Amino acid sequence: MSAEFQQRKKQCLNSVDLSRKGSIDECIVDLVAYINAQDSYFTTSSCSGRITVFGENQLSATQKKGCVWLYMSHRTAEVKEVMQAVTDVRGNVTFKFEPFILHVQCQTLEDAQKLHSVAVSSGFRNSGITVGKKGKIIMAVRSTHSLEAPLAADGQVLVPDKYISYLTQIANCKLQENTARIHRFFDNFQQMIQTRTVPPKGHVPDLSYERTKIKCKTFQGCDSDQCPPRAGSRALENNVEELEECLTYLYQDPP
């Protein structure tokens, strides 16, 4: 480990956590600790993934002021709690699912490329490497399966309760897939460190916590051949019965 990188790592890991929460999310504590135990890497920021409802005031068509968290969970969201968050709202309110994101500073570009390969093979296909003017190399582990939808504008709720329930269930589905990818990334990273080899693209380890692939890839419905065809591109229409029929398939226990 170079002296300069070692100094940066020491300063970063000993600094105060300035995030809103002030600590590492519980489900990625072991992952972050393992990465920071390696000579060539250390984490600079992280979020395990979360479901939020937040409000903000609109100053103009393009400007916003302030942000108030009405609901936030790093675990499966409860529909009742989400609905309660949008009662007696003011200003604009947005529902959002944000997937896992992790920023890791790497000692060399080669180290960053190895970590990038691990991330992509684990399902985080939007990962990328940036190199700063002073040579600081950051690898961002991230994916694209986020979800964001407006719930209220100027204090008026825009959607029915069943639509909010649908959004919550889809977000929970995405959160489950997010958790599976985190476990896969941890496993692949450990394999890379222990063997100094990068897992092939699409590699999925045989893990006990891996359940049947969740058939819910996009905000607009599921992609299963068995899912009712009516619930595809028209999943955002007002036919609640069709949405519930699709969700019944999505959340049934695997055989």
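Residues numbered from 1 in each chain as written. Predicted model: local features only at pLDDT ≥ 70, side-chain atom pairs only at ≥ 80, totals over all residues. Heavy atoms only, no water.

### Description of the packing of helix H4 (residues 109-121) against helix H5 (residues 161-195)
Thinking step 1. Running from amino to carboxyl end, H4 crosses H5 at an angle of 145 degrees, the nearest separation of the two axes being 9 Å. Relative to H5, the crossing made by H4 is right-handed. Contacts between H4 and H5 pair Lys114, Leu115, Val118, Ala119 and Ser121 from the former with Arg184, Phe185, Asn188, Phe189 and Met192 from the latter.
Thinking step 2. A per-class count over the contact of H4 with H5 returns six nonpolar, two polar and two charged. (Axes fitted to C-alpha atoms, helices over the stretch in contact; angles between N-to-C directions. Helix = DSSP H or I, 4+ residues; strand = E, 2+ residues; numbered from the N terminus. Left-handed = near helix turned anticlockwise from the far one by under 90°. Contact = heavy atoms within 4.5 Å. Nonpolar A, V, L, I, M, F, W, Y, C, P; charged D, E, K, R; others polar.)

### Some remarks on helix H2 (residues 29-36)
Thinking step 1. Residues of H2 that are buried include every one of Leu31, Val32, Tyr34, Ile35 and Asn36, and no others.
Thinking step 2. On its buried side, H2 packs onto helix H1 (3-14), strand E1 (41-47), strand E5 (101-106) and H5. (Buried < 20%, exposed > 50% of the residue type's maximum accessible area, 1.4 Å probe, protein only.)

### Quick look at the confidence of the model for the protein
Thinking step 1. Mean pLDDT for the protein: 78, with 70% of residues reaching 70 or above.
Thinking step 2. Confidence drops under a pLDDT of 50 for residues 59-63, and excluding neighbours within four residues, the segment shows three contacts in the predicted structure.
Thinking step 3. Across residues 204-255, where pLDDT falls below 50, the model places 81 contacts with residues more than four positions away in sequence or in other chains. (pLDDT = per-residue confidence, 0-100.)

### So, the sheet that holds strand E7 (residues 137-141)
Thinking step 1. Ordered in space as E1-E5-E7-E6, the four strands form an open sheet in which the pairing is antiparallel. Each edge of the open sheet is held by one strand with a lone partner, namely E1 and strand E6 (128-131). Averaged over all neighbouring strand pairs, the angle between strand axes comes to 20 degrees, with direction disregarded.
Thinking step 2. The pairing of E1 with E5 spans six bridges and is antiparallel. Counted as the bridge partner of Ser46 is Leu102 from E5.
Thinking step 3. Sitting on the sheet, H2 touches E1 and E5, and the angle it makes with E1 is about 155 degrees.
Thinking step 4. Relative to E7, H4 is tilted by about 5 degrees, and along the sheet it contacts E1, E5, E6 and E7. (Pairing = 2+ DSSP bridges.)

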